[in-house]
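# Reading the structure
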Amino acid sequence: MFKYSDDLVEALFSGIYSGRIKPRFLPTSLYYAIADYLKKGVYEGYGATFSSLIKAHKPTGYNVSDMELLTEMRTNIYLFSAAKTYQQVRTMTDQLIGDDGAILPFKQFREKADETYDLYNKTWLQTEYDTAIGQAQNARKWNVIEEQADVLPLLEYHAVLDSRTSVICRPLDGIIAPVNDPIWKKVAPLNHFNCRCMLKQLSDGTVTSAKVKGEKVDETLGMMDDLFKMNPGKTGYVFDKDHPYFKVAPKDRELAKRNFDLPLPKRD
């Protein structure tokens, strides 16, 4: 569960209203709360924590490559959390001004800010948490796939076919391609929010023809959000660099490169 007390929320609103908190002076407490919550999703999905993998004696079934991949995903979570903090503070800062160009009374501002806070930290954050779990699961799976490619050289795409099947994934169901096929750089699950698809490892099978494969992959890519056109096991991303949170005002681009002057902890 996301932990950010009512007192901290009130301090956030009053800080923005007074000017103490602004896009260039972000609240570290909110940043850490978001990052800690999303990290839990990543660790749940990966089946191991960063702290357990940096030890010399790692949990059974995990190795150095897992530590390297989880480290990349953990860093991505911090970068994403900083950008998310920036975006909501910027939105709330914009809400200080009314339609007449004057600063709103605090009560009116607080009502708007409260809606923004709930949108970012309840509605969207829950979806992001679920995505963190799914991306970490698939990143871990991909690590195993590459390690076992010599004996299980093929992958078959499996979509869950029922009343909730996404039109994005349906065309890919049943496609068989080698582990090193370039298609897996863009259409390995997750392919959308709440994606339930998986890759099945095969020792042998009939590889889908280039023509059919190309048509089906192109059909899917035409419907996919760019955010999901990547393989988390290859990129180390939970959230792609093209996520809207990473799109900042031109004057803040250098700030973004410094993670908005928010720390990147070396340990949990």
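Whatever comes next refers back to the structure up there.
First, a word on what this report is: a plain description of the structure on this page. What you see is a predicted model, and the numbers here were worked out from it, not measured in a lab.

Counting across every chain of the model gives 16 salt bridges. A salt bridge links Glu-10 to Arg-110, with the nearest nitrogen and oxygen atoms 2.3 Å apart. Residue Glu-10 is located in helix 1 (residues 6-18), and its partner Arg-110 is located in helix 5 (residues 106-147); the two are separated by 100 residues in the primary sequence. Residue Glu-10 is classed as partly exposed on the basis of its relative accessible area of 33%. Residue Arg-110 is classed as partly exposed on the basis of its relative accessible area of 25%. For the salt bridge of Asp-36 with Lys-39, the shortest nitrogen-to-oxygen distance reads 3.5 Å. A residue pair is termed a helical-turn pair when its members lie 3 or 4 positions apart in one helix, as Asp-36 and Lys-39 do in helix 2 (residues 28-46) at 3 residues. Lys-39 gets classed as buried once you look at its relative accessible area, which sits at 6%. Among the ionic contacts, a cluster of salt bridges with common partners joins Asp-36, Lys-39, Arg-74 and Asp-268.

It is worth spelling out the environment of Glu-254 at this point. Along the chain, Glu-254 falls in helix 8 (residues 253-257). For Glu-254, a relative accessible area of 47% gives the class partly exposed. With 251 residues separating them in the primary sequence, Glu-254 and Lys-3 have C-alpha atoms 30 Å apart.

Helix length check: helix 6 (residues 210-223), at 14 residues, gives a terminal C-alpha distance of 20 Å against a target of 20 Å (1.5 Å per residue), a fit within 8%. The secondary structure elements touched by the buried residues of helix 6 are strand 2 (176-178).

A few words now on helix 1. In this model, helix 1 (13 residues) spans 18 Å end to end at C-alpha, consistent with the 18 Å of a helix rising 1.5 Å per residue. All buried positions along helix 1 are accounted for by Val-9, Leu-12, Phe-13, Gly-15 and Ile-16. All buried residues of helix 1 project into a common sector of 165° when viewed along the axis, lining one side. Among the exposed residues of helix 1, those oriented more than 90 degrees off its buried face are Asp-6 and Asp-7. The inward-facing, buried residues of helix 1 contact helix 2, helix 4 (64-94) and helix 5.

Glancing now at the sheet that holds strand 3 (residues 198-202). Across the sheet, which stays open at both edges, the 3 strands sit in the order 2-1-3 with antiparallel pairing between neighbours. Since the sheet does not close on itself, it has two edges, and those belong to strand 2 and strand 3, each with one partner. When strand polarity is set aside, the average angle formed by the axes of neighbouring strands in this sheet is 35°. The pairing of strand 1 (residues 154-158) with strand 2 spans 3 bridges and is classified as antiparallel.

Here is what the cut-offs are and how they apply
Residues numbered from 1 in each chain as written. Predicted model: local features only at pLDDT ≥ 70, side-chain atom pairs only at ≥ 80, totals over all residues. Heavy atoms only, no water. Salt bridge = Lys/Arg side-chain N within 4 Å of Asp/Glu carboxyl O. Helix = DSSP H or I, 4+ residues; strand = E, 2+ residues; numbered from the N terminus. Buried < 20%, exposed > 50% of the residue type's maximum accessible area, 1.4 Å probe, protein only. Expected span 1.5 Å × (residues − 1). Contact = heavy atoms within 4.5 Å. Arc of directions from axis to C-beta. Pairing = 2+ DSSP bridges. Axes fitted to C-alpha atoms, helices over the stretch in contact; angles between N-to-C directions.

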